[in-house]
Amino acid sequence: MRTSFLLYYLGQVVLGAATGRLMPKAKFPLYGLYGVVSLVVCLGWRPAGVVLLQAAVTFALSRLRRPALIWGFTIIVMTTIFIEPGYSWHYNLVPSYAKYLIYMVTLTLSCLRGVSFAMEFCRETEPNPAGYSLLDLLAYNFYWPLLTSGPIICYNSFREQRSSQDNDQSGLQNLPMVLWGLVRLLVWFLCVEVFLHYFYIHAVCDRIGVLRKASVFTLYGLIYAHVQFFHVKYVVFYGLGSTLARLDGISTPPQPRCVATVYQFADMWRSFDPGLYKWLVRYIYWPLGGSRSGLPRQIAASIATFVFVYYWHGASQNLFVWAALQFFGVLLETLARRFMRLPAVKEMEMKYLSAESSRRLRTLLNTGPFVALMISNLVFLTSPQVGAHYATMLGRPLVALQTATVLFCMAQWTVEVRKQVPLT
């Protein structure tokens, strides 16, 4: 399955090289056709037909310029994915669990792309603007490097890069960078394989019986290994498509930032999956008011954003706990920033604290939320029971002091290193 899957990417590269020279204007429409055909061959005509139907209905609804209809249809599609009898119906469309996972990722990403395309069309003032035909949607939604894995790229960005006059030339200029990116990706892929086959990260971290027998320092190591493995897995997951897209002059959102350098909730959302973050901000957070319309509307927009995040990821129990912890973490950081920006507080901070002391105070106050960020990510990766065990173990008085000291030093190190090198 893995080897045959790579052939679809190779076919995309060959098609791009041929059409780029012979029919450059037809390159992206042919990409859309290639994506549809490849999905049919890979998953079968029924799951591919569902994804194609979802895109076609979204396109038809976008012509009405009614955002409520577009959002309503998207929520309905997502509901059929996670709730019976829709779950069983989708599952029975594919012959194996591996293909079911590919199908689910493809369909959920297609929902995001459909909303992006439709919302951008609704924002256009012209009745029939260029770049919003059905072929344009197919070229965007079924662009193979990003079709089955992501990352998500908003349609306005995809359209601008696609319509650039020197797209093909810039892609060829990126060839050395693409080759180097593939070499790096191979190294990270081998790291993932080693972790899976020799370290048993998922098997150990999911078993509460094993975790209860582990010492505190063993738990520290498991936490670090688990979140680092999650990061490397997404580097590989997003990396191949993002790297090959450069051959077409398409710049995707940056790769996930190393989680060891993230110590704030808001920073995690901005840097781990920048494509999803931009999508959420552009189509949910800002339209509902965001940070520009006062604190009450900002909180309401944040709630709506995290409700969608919870539902889109699968609407399970651990995802609810994770999304709730993430929301309250972001809210706490927002309130803290507003408090620190008060004129009286800023005046006292500048009067009594040096820049270094101010940084130490801020990271010290952020140590508690830092622990909550780790626990919430573990809940996302495992279960609420595992997260509760970690919280209980790390909440013991002496252990809590020890943990706070370690995390305080990590936060200080992160802030200092970011001054010297942009971490990705």
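Look up a bit, the structure's there.
Reading the values: the criteria
- Residues numbered from 1 in each chain as written.
- Predicted model: local features only at pLDDT ≥ 70, side-chain atom pairs only at ≥ 80, totals over all residues.
- Heavy atoms only, no water.
- Buried < 20%, exposed > 50% of the residue type's maximum accessible area, 1.4 Å probe, protein only.
- Helix = DSSP H or I, 4+ residues; strand = E, 2+ residues; numbered from the N terminus.
- Axes fitted to C-alpha atoms, helices over the stretch in contact; angles between N-to-C directions.
- Parallel < 35°, antiparallel > 145°, perpendicular 65-115°, else oblique.
- Contact = heavy atoms within 4.5 Å.
- Nonpolar A, V, L, I, M, F, W, Y, C, P; charged D, E, K, R; others polar.
- Phe/Tyr/Trp six-rings, centres within 6.5 Å; stacked < 30°, edge-to-face > 60°.
- Lys NZ or Arg CZ within 6 Å of the ring centre and 35° of its normal.

With that out of the way, let us pick up helix H15 (residues 265-272). Two residues of an α-helix separated by three or four positions point the same way, owing to the 3.6 residues in each turn. Counting buried positions over the eight residues of H15 gives seven, a clear majority of the element. Listed in full, the buried residues belonging to H15 are Phe265, Ala266, Asp267, Met268, Trp269, Ser271 and Phe272.

All right, on to the packing of helix H4 (residues 67-82) against helix H17 (residues 295-313) then. Working note: a packed helix pair is described by the angle between its axes plus the distance between those axes. Two elements in contact, H4 and H17, have axes separated by 9 Å at closest approach and are oriented at 40 degrees. One element, H4, and the other, H17, form an angle in the oblique class. Note on element contacts: H17 touches H4 through Phe308, Tyr311, Trp312 and His313, opposite Trp71, Ile75, Met78, Thr79 and Phe82. In the contact of H4 with H17, the residues fall into seven nonpolar, two polar and no charged.

A word on the packing of aromatic side chains. Following the criterion strictly, the structure yields 38 aromatic pairs and no others. Relative to Phe327, the ring of Phe306 has its centre 6.1 Å away and its plane inclined at 70 degrees; by these criteria the two rings are edge-to-face. Taken together, the residues Phe306 in helix H17 and Phe327 in helix H18 (residues 317-340) connect sequence positions 21 residues apart. A relative accessible area of 10% means that Phe306 is categorised as buried. Put simply, the rings of Phe230, Tyr234, Phe237, Tyr238, Trp269, Phe272, Phe306, Trp322, Phe327, Phe328 and Phe380 touch in pairs and so form one group of aromatic residues. Looking at Arg65, its charged tip hangs above the ring of Phe121, at a distance of 4.2 Å from the centre. Above the ring of Trp286, the side-chain terminus of Arg292 is found at 5.0 Å from the ring centroid.

So far we have only geometry, and geometry alone does not tell us how the molecule works.
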